[in-house]
Amino acid sequence: MTTNETLVLALPKGRILKEVKPLLQHAGIEPEPAFEDESARQLRFTTNHPGLDIIRVRSFDVATFVAFGAAHLGVAGRDVLLEFDYPELYAPVDLKIGHCRLAVAEPRDLMREDDPSRWSHIRVATKYPDVTRRHFAARGVQAECIKLNGAMELAPQLGLCQRIVDLVSSGATLAANDLVEIEQIAEITSRLIVNRAALKTRPRELDTWIERFREAAHAA
Amino acid sequence: MSPTPDKALLPAGLQDLLPPQAAYEADTAGRLIAVFRAHAFEQVKPPLIEFESALLSGAGAALSQQTFRLMDPVSQHMLALRADMTTQVARIAASRLSRAPRPLRLCYGGQVLRVKGTQLRPERQFAQVGAELIGSDVETADVEAVAMAVEALEAVGVPRLSVDLNLPPLVGALAEELGIDDATNAGLRQALDRKDAAAVDTLAGSRAELFRGLLRAAGPADVALERLAALHLPPRIAEQTARLSRVVELLQTALPQLALTVDPVEHRGFEYQTGISFTLYARGVRGELGRGGRYETDESNGRCEAATGFTLFMDSVMRALPPPPPAARVFVPLGTDAQRVRALRAEGWVTISELSASADAEAEARRQHCGYLLQNDHVVRLEPDSDQSNNGESTPTTTDDGA
């Protein structure tokens, strides 16, 4: 039994973090100075609120920390939430940051002669094997997923497989690798996520923070 | 580190419970059931395996994917290993106890087996204890189920309990009332389960405000009920929410200290519930300790009756409890009068009898983790070792040893 009285907010490292900062400021959360230092080894940071700490983890891990109740609140992309589909997570606020889409792409040459309606099995390189499998299963196609953690665009070039499922924002990376987007799976934005048991057992505190983030997202 | 022999490896989700946890869990389950029995819920013991057709009919169908099956070489029928005991108790009520006076109060405790654990609760085999109140559909029955679950959990020492009251059939009924098609309803259901306000807005279209209102009507009971009352719900739905507020009121009177929240749209895991339901949480503990609510017993088993009840998950309950208090163990030297040792046990001591005479009884007592030693017919407390080495021989004896 671990009873952690301090609320923990999990934030994703990297691209999204920059977009989260103005929201934090609007919600009245000021992390300690070390938080601004990207090279710091510190992983947990205090804030101007004695009852609220911030942790900085990989975007996929935000959902895991919050689902297990190790963190109470977090910011996670809808892509991550779709992939894990943890029943312990609530996503009450669309923060309207980190806009992009989860899409299927394939080489330009392949697209010219490809007829997706004839597919029974395809091989896909992706960071999102679960979403991919579910998406294709829903239309009767078995997707064999090769889990990669980055540089998906290389897979078709080097013959690992023909198709990829990845996040696309401008489409520039796809174009540079001679790939075209053939189908969109989902629109993605970042959400404020909350642990279910934490929301039920500490409703007042968590509702206050949810409300602050909701206002911050509306104001932005 | 010594290599683990292959034989020690268990299949995923299964584990050996060791001392003192095994005894603590059995003891806790017994104390929970004792509270149910003190409320006149009589214990039943259904079998571990049943005919698949019976176990998975009606409400049991919800657990079909989670159920292990095997072929019975005797009857040549498929058998299913229970993944939940509620449907078994409902079957007993509708068949063998159909003539027992209503309302019928039954309780149970036993092991269940599931095909898959979840990432959060990986256990595939775990103990359930629970109670069912069958043949009454009044509000006071709803209150009795919640209040008894709370009383039992508090009695075994679960700190900082919190009860979330839910209305699982509400969204389905509302969608029907508003003429929302099935496909949209399924999507809406999923969005509401995740409290995904953005998705609710997109799916509910012109009704978005109403559904957003339902989402916001979750939280501490008073606030939530106030927000729920302010929504313009169709009369058939408003009846359900009115009942919910009366149940909350009764619970607040009965248990003024209880942390009570309301969440009208919670639905996951309540697939067969037909009315007021609830989930039990303890602050700081991952996941839920138990859940329960209103349902109807299966018609095909006899008659269809209104029922309510709950199930506690022992693995979660044990996670919520502080570590067990160590037993008072007394070391009894060889040759002590058997009647004397029996009397010690009657007083509540755990006695450890010496099997072959040892040179130093005190050292032997320590080696066997005894906090006490029977010396000259008196129970003497052994001072804890100054260094925590477990090897009795190597620890220096403290002050005066009585041997």
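Model, not experiment: these values are computed from the prediction.

> Could you give an account of the overall build of chain B, with specific residues and numbers?
In terms of helices and strands, chain B carries 13 helices and 16 strands. Seen through its principal axes, chain B has C-alpha atoms that stretch 85 × 55 × 50 Å. Taken over 403 residues, chain B has a buried fraction of 46%. Put simply, 65% of the contacts in chain B that link residues at least 6 apart link residues at least 24 apart. Accessible surface computed for chain B: about 20300 Å², of which carbon and sulfur atoms make up 53%. Side chains of chain B carry 40 positive and 52 negative charges; the gap between the two charge centres is 3 Å.

> Describe the layout of surface pockets, listing the residues and the values that go with them.
Residue and element names in this part refer to chain B. Approximately 1500 Å³ is the volume found for the largest pocket. Among the elements of the structure, strand S6 (125–134), strand S11 (290–296) and strand S12 (306–313) are those that each provide at least two residues to the lining of the largest pocket. Tallied by class, the residues present in the lining of the largest pocket amount to 13 nonpolar, 13 polar and 15 charged.

> Before we move on, can you summarise the pattern of salt bridges with the specific residues and values?
Enumeration according to the criterion identifies 47 salt bridges over all chains in this entry. A salt bridge links B:Glu266 to A:Lys200; its shortest N-O distance comes to 3.4 Å. With B:Glu266 in the loop between strand S9 (259–263) and strand S10 (277–282) and A:Lys200 in helix H8 (residues 196–201), this residue pair bridges two chains. Across the pair, A:Lys200 and B:Glu266 agree in class, each one buried. A salt bridge links B:Arg121 to B:Asp315, with the shortest nitrogen-to-oxygen separation between them at 2.8 Å. Remark: B:Asp315 occurs in helix H11 (residues 314–320) and B:Arg121 occurs in the loop between strand S5 (104–113) and S6; sequence separation between them is 194 residues. One salt-bridge network, held together by shared partners, links A:Glu88, A:Arg196, A:Lys200, B:Asp164, B:Lys195, B:Asp263, B:Glu266, B:Glu288 and B:Arg291.

> So what's going on with the sheet that holds strand S2 (residues 49–51) of chain B? Which residues, and what values?
All names here are of chain B. Strands sit in the order S2-S4-S3 across an open sheet of 3 strands; the sheet is antiparallel. At either margin of the open sheet sits one strand with a lone partner, and together these are S2 and strand S3 (69–71). Between one strand axis and the next, the sheet turns through 35° on average, direction left out of account. Across 3 bridges, the pairing between S2 and strand S4 (residues 78–81) is antiparallel. Following the sheet pairing, Phe51 is matched in S4 by Leu79.

> With reference to specific residues and values, describe empty space enclosed by the protein.
All names here are of chain B. According to the stated counting rule, one finds 3 cavities of 30 Å³ or more in the structure shown. When its volume is computed, the second largest cavity comes out at roughly 50 Å³. In terms of lining, the second largest cavity is formed by Leu55, Leu56, Gly60, Leu63, Thr67, Arg82, Ala83, Asp84 and Thr87.

> Tell me about the interface of chain B and chain A, and please be specific about residues and values.
Accessible area lost upon the coming together of the parts is a frequently used measure of interface size. Opposite the 32 residues of chain B that make contact, chain A presents 29 residues. For the pair chain B and chain A, the two sides together bury roughly 2600 Å², of which 50% comes from carbon and sulfur. On inspection of chain B and its partner chain A, the count reaches 11 salt bridges. As a salt-bridge pair, B:Asp164 and A:Lys200 come within 2.8 Å of each other at their nearest N and O atoms. Sorting the residues of the side of chain B that touches chain A by element identifies strand S7 (161–166), helix H7 (197–204), strand S8 (219–220), S9, S10 and H11 of chain B as the ones contributing at least two each.

> Pulling in residues and values, what's your account of the nonpolar core?
Formed by 75 residues in total, the largest nonpolar core has its most connected members in B:Phe36, B:Val158, B:Leu165, B:Phe211 and B:Leu289. By residue number, the principal contributor to this core is helix H4 (residues 139–155) of chain B, which donates 10 residues. Setting aside residues no more than four positions away along its own chain, B:Leu165 makes contact with B:Val146, B:Leu244, B:Val248, B:Leu251, B:Leu260, B:Thr261, B:Val262, B:Asp263, B:Ile276, B:Ser277 and B:Phe278. Residues A:Ala10, A:Val80, A:Tyr86 and A:Cys145 belong to the second largest nonpolar core, which totals 35 residues.

> Give me the packing of helix H1 (residues 21–38) of chain B against H4(B): which residues, what numbers.
Residues and elements named next belong to chain B. The contact between H1 and H4 brings their axes to 9 Å, and the two run at 140°. The orientation of H1 with respect to H4, classified from their angle, is oblique. Every pair of crossing elements has a handedness; the one defined by H1 and H4 is right-handed. Judged by residue contacts, Arg31, Leu32, Val35 and Phe36 of H1 engage Met148, Glu151, Ala152, Leu153 and Ala155 from H4. Here the residues of the contact of H1 with H4 sort into 7 nonpolar, no polar and 2 charged.

> Please provide a residue-by-residue account of the environment of B:Val115, values included.
Residue and element names in this part refer to chain B. With respect to the helices and strands, Val115 occurs in the loop between S5 and S6. When the C-alpha positions of Val115 and Arg283 are compared, they lie 29 Å apart, and in sequence the two are 168 residues distant. Sequence-distant contacts of Val115, that is, excluding residues within four places in its chain, are made with Gln65, Gln66, Thr67, Phe68 and Arg124.

> Can you explain the environment of B:Val265? Please cite residues and give values.
All names here are of chain B. Examined against the element boundaries, Val265 turns out to sit in the loop between S9 and S10. Accessibility expressed as a relative area gives 1% for Val265, which makes it buried. In this structure the C-alpha to C-alpha distance between Val265 and Ala217, which are 48 residues apart in sequence, comes to 8.9 Å. Ignoring anything within four residues of it in the chain, the contact list for Val265 reads Val171, Arg189, Leu192, Asp193, Lys195, Leu214 and Leu215.

> Describe the packing of aromatic side chains, listing the residues and the values that go with them.
All told, the structure shown has 10 aromatic pairs over all chains when counted by the stated rule. Ring centres of A:Trp119 and A:Phe136 lie 6.1 Å apart, and the angle between their planes is 55°; on these two criteria the pair is classed as tilted. Of this pair, A:Trp119 sits in the loop between helix H4 (108–113) and strand S7 (121–126) while A:Phe136 sits in helix H5 (residues 129–137), and the two are 17 residues apart along the sequence. Here A:Trp119 and A:Phe136 have matching classes, each one buried. Both rings, one in B:Tyr272 and one in B:Tyr295, keep their centres 6.0 Å apart while their planes meet at 80°; by these two values the pair is edge-to-face. A residue pair is termed long-range when its members are at least 10 positions apart, and B:Tyr272 in the loop between S9 and S10 and B:Tyr295 in strand S11 qualify at 23 residues. Positioned over the ring face of B:Phe126 is B:Arg121, at 4.3 Å from the centre of the ring.

Cut-offs used in this document
Residues numbered from 1 in each chain as written. Chains lettered and ligands numbered in written order. Predicted model: local features only at pLDDT ≥ 70, side-chain atom pairs only at ≥ 80, totals over all residues. Heavy atoms only, no water. Helix = DSSP H or I, 4+ residues; strand = E, 2+ residues; numbered from the N terminus. Buried < 20%, exposed > 50% of the residue type's maximum accessible area, 1.4 Å probe, protein only. Contact = heavy atoms within 4.5 Å. Areas by Shrake-Rupley, 256 points an atom, 1.4 Å probe, with all protein chains shown as cover. Lys, Arg positive; Asp, Glu negative; His and termini not counted. Charge placed at Lys NZ, Arg CZ, Asp CG, Glu CD. 1 Å grid on protein atoms, 1.4 Å probe; cavity = no way out; pocket = protein on both sides within 12 Å on 5 of 7 lines; lining within 4 Å. Points joined across faces, edges and corners; volume = space filled by probe spheres on them. Nonpolar A, V, L, I, M, F, W, Y, C, P; charged D, E, K, R; others polar. Salt bridge = Lys/Arg side-chain N within 4 Å of Asp/Glu carboxyl O. Pairing = 2+ DSSP bridges. Axes fitted to C-alpha atoms, helices over the stretch in contact; angles between N-to-C directions. Buried area = accessible area lost by both parts, 1.4 Å probe. Core = buried A, V, L, I, M, F, W, Y, C linked by side-chain atoms within 4.5 Å. Parallel < 35°, antiparallel > 145°, perpendicular 65-115°, else oblique. Left-handed = near helix turned anticlockwise from the far one by under 90°. Phe/Tyr/Trp six-rings, centres within 6.5 Å; stacked < 30°, edge-to-face > 60°. Lys NZ or Arg CZ within 6 Å of the ring centre and 35° of its normal.

By themselves, these are just geometric observations and shouldn't be taken as functional.
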